[in-house]
Amino acid sequence: MATQTKVLASQAPTAVAIDPRVSKDVTASLVYLKKDTCRENEKPYKLHYNPPLETKRQNFEVEPRGPTVIRDLRGRSDLPFETSGFEVLKLDESQMAKEDFYDEVKVKRVYYEELKDALIKRFSGQGATRVEVLEHLVRRRHPSFPKSTGTDYVHEQPTSVVHIDYTLFSAVESSRELLGLAPEKFNRFLAVNIWKPLKGPLTDWPLAVCDARTVEESDLVATDIVRRTVFNENYQVYYNEKQEWWYLSGQRPDEIMVFCQAELGESAKGKFGVPHTGFDNMFSNENEDPRESIETRAFIYFRLIYSRKVDKISRRPSFVEYHG
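Computed from a prediction, not measured in an experiment: that's the story for all the values here. (Residues numbered from 1 in each chain as written. Predicted model: local features only at pLDDT ≥ 70, side-chain atom pairs only at ≥ 80, totals over all residues. Heavy atoms only, no water.)

S.K.: What is the right way to read the pattern of salt bridges from this model?
M.R.: A pair can form between side chains of opposite charge whenever their charged atoms are brought close. Summed over all chains, the structure comprises 31 salt bridges. A salt bridge links Arg-76 to Asp-78, with the nearest nitrogen and oxygen atoms 2.8 Å apart. Linking Arg-139 and Glu-295 is a salt bridge whose minimum nitrogen-to-oxygen distance equals 2.7 Å. One end of the pair, Arg-139, is in strand S5 (residues 128-140); the other, Glu-295, is in strand S14 (residues 292-304), and 156 residues separate them in sequence. Given a relative accessible area of 9%, Arg-139 falls into the buried group. (Salt bridge = Lys/Arg side-chain N within 4 Å of Asp/Glu carboxyl O. Helix = DSSP H or I, 4+ residues; strand = E, 2+ residues; numbered from the N terminus. Buried < 20%, exposed > 50% of the residue type's maximum accessible area, 1.4 Å probe, protein only.)

S.K.: Honestly, the nonpolar core in this entry has me stumped. Any pointers?
M.R.: Note on soluble globular proteins: their nonpolar side chains tend to be buried together. With 29 residues, the main nonpolar core has Tyr-111, Leu-119, Val-192 and Ile-300 as its most contacted residues. Every element with two or more residues in this core is listed here: helix H2 (104-123), S5, strand S7 (186-197), strand S12 (255-265) and S14. Top contributing element to this core by residue count: H2, with 9 residues. In contact with Leu-119, not counting residues within four places along its chain, are Val-131, Val-192, Ile-194, Val-258, Ala-298 and Ile-300. The next biggest cluster of nonpolar side chains, apart from the first, holds 15 residues, and it includes Tyr-32, Val-162, Leu-220 and Trp-245. (Core = buried A, V, L, I, M, F, W, Y, C linked by side-chain atoms within 4.5 Å. Contact = heavy atoms within 4.5 Å.)

S.K.: What is the right way to look at the sheet that holds S7 in this model?
M.R.: Sheet strands pair via backbone hydrogen bonds, and the direction of the pair is either parallel or antiparallel. In space, the 5 strands of this open sheet follow the order S4-S12-S7-S14-S5, with antiparallel pairing throughout. Looking at strand neighbours, the two that pair on one side only are strand S4 (86-90) and S5, the edges of this open sheet. Direction aside, the axes of adjacent strands within the sheet are offset by 25° on average. Bridge count for S7 against S14 is 11 bridges, and the pairing is antiparallel. Note that in S14 the partner of Lys-196 across the bridge is Ile-294. Contacts from H2 reach S4, S5, S7, S12 and S14, with the element oriented near 135° to S5. (Pairing = 2+ DSSP bridges. Axes fitted to C-alpha atoms, helices over the stretch in contact; angles between N-to-C directions.)

Dropping the structure here:
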């Protein structure tokens, strides 16, 4: 069950800034949603189960585009969360060892609380009063990935397609349904993803994030991600040469990438969530073990209010509503 985090008076965590002389900008092909005229009449969907024979598991295609320049965040202090939509924070004095992240009970009992503490410290100066952690996912790259082995992987693999975890509609609905909290009753509402490697410095399949200011509404296509018992609406993303991409070279386990996935409030006007993906790093160390990482989704609530005018959040009917 989610618990409320108390506001602490301790100093907020600072963004990571390291000697820029070690920066390593890279180029890589990133995988995007392929443009298709049927998108005008049919909402994209992806099923995470085997459907009846007459139903496709997904009704869209993706394509690699690039090479794309992915710039290094090392040594940069001019890309705060408030403008770019992402920021790297230090997670000092964690009680979690690498092997602990495979213990789901300990992750929820210890790591969730560490993240809540870090996030409330970072955003309390802007009025954040509550943080709720929803879920986490540990990924462990198979040595053959991204090539298929012909069988299902034992562990979740790195995400290799550019996407945003939530639409605003799905983030708001998740808050209402899972936590019983109506985001429109708060001055501001943030849905964030918190990503870090379990060992490092990481060079194998790091995470790339896109500056939210360089994302246009026409780049985003709401898509249904359907499992047997639940479904979520996220954004698949079209390639746009205006998009600016970043990563953190040699990311360490005590460095967490925090990035926006949806936002409600005055500060959200004209901004979208941060597209992100894993990528095949040209500077990867051939002697490095395959990537192991954890990503966590959390909601941040800012100052409770009881009345505000909120524009209706619209969406296209979902796969579930079409097909039952």
